[in-house]
Amino acid sequence: MRVSEAAVYLGVSDDTVRRWIDRGLLTATTDDAGRKVVDGYEVAMVAREHATPPGLPPGMRSSARNRFVGLVTDLTVDTVMAQVELQCGPFRVVSLMSAEAVRDLGLERGSVAVAVIKSTNVVVETPGGAA
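Model, not experiment: these values are computed from the prediction.

Asker: Tell me what's going on with the packing of helix H1 (residues 3-10) against helix H2 (residues 14-23), and back it up with residues and numbers.
Answerer: Two numbers describe how H1 lies on H2: the axes approach to 8 Å, and their chain directions differ by 100°. Here H1 is positioned roughly perpendicular relative to H2, judged by the angle of their axes. Facing Val3, Ser4, Ala6, Ala7 and Leu10 of H1, the residues of H2 in contact are Asp14, Val17, Arg18, Trp20 and Ile21. Class assignment of the residues belonging to the contact of H1 with H2 gives a composition of seven nonpolar, one polar and two charged.

Right under this line is the structure:
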């Protein structure tokens, strides 16, 4: 994945990604076009290590969005079912799906994927409110 793409998934600037490469936090190689690239799985691991969910401003109420773009960090696949783990910014999302779906989507560690959450149970929180 290109440095600019890694920056998007890490929530930092391109320059920050380049500094992290220089410091050895990320390993870079060169693609066929001569551009600096990093491994998607390694980017996901760095995102996980540096993930800190932002706090809500005082008095702010929140209901999480239902679409999270991220990178596949782990896959456990058997003959019928699979567990797919994504790192979506500071959020870890785990999905259970068929092994066939994993194959059809071409999912592997480091793949870009979007977790779309649809649920019959939605939790909305407010400061000082009851859970």
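This is not the end of the story, as more comes after the structure.
Asker: Before we move on, can you summarise a nonpolar patch on the surface with the specific residues and values?
Answerer: Where nonpolar side chains cluster on the molecular surface, the patch consists of Val69, Val112, Val114 and Val116 and spans about 320 Å² of accessible area. Among the elements that line the nonpolar patch, the one with the most residues is strand S6 (residues 112-116), at three residues. Within the secondary structure layout, valine 112 lies in strand S6. A residue is classified by how much of its surface remains accessible, and valine 112, at 46% relative accessible area, is partly exposed.

Asker: Describe the pairing of strand S5 (residues 91-98), with residues and values.
Answerer: One ladder, built from eight bridges, connects strand S4 (residues 81-88) with S5; its direction is antiparallel. Following the sheet pairing, glutamate 85 is matched in S5 by valine 94. A loop of two residues connects S4 with S5, the two strands running antiparallel in sequence, and glycine 89 in this loop sits at a positive phi of about 60°.

Reading the values: the criteria
The numbering scheme is per chain: residues are counted from 1 as the chain's sequence reads. A pLDDT threshold of at least 70 governs which residues receive local features in this predicted model, and a stricter bar of 80 or more applies before side-chain atom pairs are shown or counted, although totals over entire chains, interfaces and linings include all residues. Excluding hydrogens and water, the side-chain figures rest on all heavy atoms present in the structure. Only the contacting stretch of a helix is used when fitting its axis, a line to C-alpha atoms as for every element, and angles between N-to-C directions run 0 to 180 degrees. Strands here are runs of E lasting at least two residues and helices are runs of H or I lasting at least four, both read from the DSSP assignment and numbered beginning at the N terminus. In this scheme, roughly parallel covers angles under 35 degrees and roughly antiparallel covers those over 145, while 65 to 115 is roughly perpendicular and the rest are oblique. When checking whether two residues touch, look at their non-hydrogen atoms; a contact exists if any pair is within 4.5 Å. When residues are grouped by polarity, Ala, Val, Leu, Ile, Met, Phe, Trp, Tyr, Cys and Pro land in nonpolar, Asp, Glu, Lys and Arg in charged, and all others, Gly among them, in polar. Any residue with relative accessible area above 30% and no salt bridge may belong to a patch, with like charges joined within 9 Å and the nonpolar Val, Leu, Ile, Met, Phe, Trp and Tyr side chains within 5 Å. Computed with a 1.4 Å probe, the accessible areas rest on the Shrake-Rupley method; for each residue, only the protein chains presented here act as cover. Salt bridges are defined as contacts in which a side-chain nitrogen from Lys or Arg sits within 4 Å of a carboxyl oxygen from Asp or Glu. Relative accessibility decides the category of a residue: with a 1.4 Å probe and only protein chains considered, values under 20% of the type maximum give buried, values over 50% give exposed, and everything between is partly exposed. Should DSSP find at least two bridges between two strands, the strands are regarded as paired.

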